[in-house]
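# Architecture at a glance
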Amino acid sequence: MAKTKRSYKRKTPEKVKEEINHLTEGMEKSISNHFHSPEQMKEYLNFMGKFHRYSPRNTALIDSQFPGAEAVGSYAFWKEKGFPVNKGEKSLKILVPNRLGQHFQNEEGEWKPLKYATKKEKQLVKDGQLDKRDGRLVYSTGSVFDISQTSATQKDLPQIFPNKWIDGQVENYSQLRRGMEDIAEKNNIRIVEPYEELGAAKGVSYTGRGEVALNPRNSERQDTKTLLHELTHAKLHTKENMNDYTKPEKEFQAEMTAYTVASYFNIDTSDYSLDYLHHWTKDHELKDHEKLLQEVQSTAKEFIMTIEESMEQEKEGEKSMDAKEQKHVVEEEKQERERLPSEKLRDMYRSQVSKSERDSGPFGKEKSQKKSIPTKTSKRLIRRSS
């Protein structure tokens, strides 16, 4: 008897809400617990660096369900990459945001889905005579699997996630610096020389000017971390909103972003960053860890992608230069091949025989046979050359 395929039973909105509440219960507490000690902070930041494209909630959810996760993707993602999920593996649950359709306010003051508006109402909305708003954000649950739950191995990571881990040691400082300069340019921030003696300070953000500066005494490693720190200040803590954050919150965000981006490119700043973060968090109340972390992650994601894009463009430029040089060599070789054989032979012959042999040799005879009867002037010139 053939088995009948069970139809998928869709979850009710109540069931979905219950599942989400269960997943996120105590999430704020879970996130804030990571900042009680430098060790806990390092663990969280290293994890966040790997999953910078996920929200703080989803990052914490993945970590709580599968400690030590390296790289995650959906069932379909792994199958498409050629590394199917191993049989019997349990999925990790994450939150999937969904934006409902737009709504409009009709002439009676009721809010209705825009898709149900009449032709006249749609025109009034388009003309701005009726108000409209985005639909509210609702969440559902999604499923992902870690690379260790699939047939893939660590060696397959570069193929699955191109540029996920780029060799970013200090030898590549010039490439990283160009990437950070691109970050500044995209955010209308200027990197300038300091206007005053910075003393022991590693850098400064001139909030009112939209400028940042580095201490000229810094090493390249320090410059990388500090420039990321100051660029975060300049991006997140502008003169318009700087009073919305306390001093500890600003320093917390700037150093967390710097550490996350630097560690992504294999530049370890933990010896400095963790003490710095602990100093600003141990005796200070941070109002909303999740909001602060959301801004950190979105900023870190932007910075990482900009630096990677800059590095990729540089690689393409190098490839283009190599191609031009190769083309030049090929052209030279082609010209060499196209030289007349008699010319090549004559040059080789003349470079290897004595003068007397050259004068009486085949090329000398060939040359003299081609000459017309010399005039007195031409005879005199030939003598001078002998």
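Computed from a prediction, not measured in an experiment: that's the story for all the values here.

To continue, consider the pairing of strand β6 (residues 137-146). If a strand is regular, its side chains alternate between the two faces of the sheet. As paired elements, strand β1 (residues 72-73) and β6 share two bridges and run antiparallel to each other. If you follow valine 72 over to β6, its bridge partner there is aspartate 146. Bridge count between strand β2 (residues 92-99) and β6: eight bridges; the pairing is antiparallel. When the sheet's bridge partners are listed, leucine 95 is paired in β6 with threonine 141.

In the predicted model, the protein carries a mean pLDDT of 75, and the fraction of residues at 70 or more is 65%. In this model, residues 163-169 is a region of pLDDT below 50 whose contacts with residues beyond four sequence positions or in other chains number 25 contacts. Per-residue pLDDT stays below 50 along residues 365-386; that stretch engages in five contacts with residues further than four places along the chain or on separate chains.

A few words on helix α9 (residues 220-236). An ideal rise of 1.5 Å per residue puts 24 Å on 17 residues; α9 measures up with 24 Å between its terminal C-alpha atoms. Within α9, 14 of the 17 residues are buried, leaving the element largely enclosed by the surrounding structure.

On inspection of all chains with the given rule, the structure shows four aromatic pairs. Their ring planes at 65° and their centres at 6.2 Å tell us that tyrosine 75 and phenylalanine 145 sit as a pair that is edge-to-face. Pair noted here: tyrosine 75 is in helix α5 (residues 75-80) and phenylalanine 145 is in strand β6, with a separation of 70 residues, a long-range link. We classify tyrosine 75 as partly exposed; its relative accessible area is 49%.

The next thing to look at is the nonpolar core. Grouped together as the largest cluster of nonpolar side chains are 22 residues, with contacts concentrated most on Leu228, Leu231, Val261, Phe265 and Ile307. Looking at this core, the elements with two or more residues in it are α8 (173-186), β9 (211-214), α9, α10 (247-264) and α12 (289-338). Ranked by residues supplied to this core, first place goes to α12 with five residues. Residues Ala71, Phe83, Phe145 and Ile147 belong to the second largest nonpolar core, which totals nine residues.

Pairing in this open sheet of three strands is mixed, and the strands run β7-β9-β8 from one edge to the other. The sheet terminates laterally at β7 (190-192) and β8 (203-206), the two strands that pair on one side only. On average, each strand axis in the sheet is inclined to that of its neighbour by 25°, with strand direction left out of account. Taken together, the four bridges between β8 and β9 define a ladder with antiparallel strand orientation.

The next thing to look at is the sheet that holds β1. Sheets are built from strands that pair by backbone hydrogen bonding, the pairs being arranged parallel or antiparallel. Spatially, β1-β6-β2 is the arrangement adopted by the three strands of the open sheet, whose pairing is antiparallel. Both outer strands of the open sheet, β1 and β2, are each paired with one neighbouring strand and no more.

Right, let's get into the side chain of serine 310. Of note, serine 310 is situated in helix α12. Here the side chain of serine 310 touches aspartate 182 through a polar contact of 3.2 Å, side chain to side chain. Once you skip the residues sitting within four places of it in the chain, serine 310 turns out to touch Arg178, Gly179 and Asp182.

Time to look at the packing of α9 against α10. Packing of α9 against α10 brings their axes to within 8 Å, and their N-to-C directions diverge by 130°. Compared by their axis directions, α9 and α10 come out oblique. Between α9 and α10 lies a crossing of right-handed hand. Taking contact as the criterion, the partners of Lys225, Leu228, His229, Thr232, His233 and Leu236 in α9 are, on α10, Lys250, Glu251, Gln253, Ala254, Glu255, Thr257, Ala258, Val261 and Ala262. A per-class count over the contact of α9 with α10 returns six nonpolar, five polar and four charged.

Cut-offs used in this document
- Note on numbering: residues in each chain are counted from 1, in written sequence order.
- The model is predicted, so local features are restricted to residues of pLDDT at least 70 and side-chain atom pairs to those at 80 or more, both for listing and for counting; the totals for chains, interfaces and linings are taken over all residues.
- Excluded from the side-chain calculation are hydrogens and water; included are all heavy atoms of the structure.
- Strand pairing is defined by DSSP finding a minimum of two bridges between the two strands.
- A helix here means a DSSP run of H or I that spans at least four residues, while a strand means a run of E at least two residues long, and both kinds are numbered starting from the N terminus.
- Known as pLDDT, the predictor's confidence for each residue is given on a scale from 0 to 100.
- We call two residues contacting when some pair of their heavy atoms lies within 4.5 Å.
- Each residue after the first adds 1.5 Å to the expected span of a helix.
- Only protein chains enter the accessibility calculation, which uses a 1.4 Å probe; a residue is then buried when its area is under 20% of its type maximum, exposed when over 50%, and partly exposed in between.
- To pair, rings of Phe, Tyr and Trp, with the six-membered ring standing in for Trp, must have centres within 6.5 Å; the planes then decide the type, stacked if under 30 degrees apart, edge-to-face if over 60, and tilted in the middle.
- By convention a nonpolar core is built from buried Ala, Val, Leu, Ile, Met, Phe, Trp, Tyr and Cys residues, the set being connected through side-chain atoms within 4.5 Å.
- Here an angle of 0 to 180 degrees is reported between the N-to-C directions of two axes, which are lines fitted to C-alpha atoms, with helices fitted over the stretch in contact.
- In protein, a polar contact means a hydrogen-donor-capable atom and an acceptor-capable atom, both N or O and within 3.5 Å, with residues adjacent in sequence counting only if both atoms are side-chain atoms; elsewhere, any N or O pair within 3.5 Å suffices.
- By the definition adopted for this analysis, an angle is roughly parallel if under 35 degrees, roughly antiparallel if over 145, roughly perpendicular if from 65 to 115, and oblique otherwise.
- Should the near helix be turned anticlockwise from the far one by less than a right angle, the crossing is termed left-handed; should it be turned clockwise, right-handed.
- Any residue outside Ala, Val, Leu, Ile, Met, Phe, Trp, Tyr, Cys, Pro, Asp, Glu, Lys and Arg is labelled polar, Gly included; the first ten of those are nonpolar and the last four are charged.

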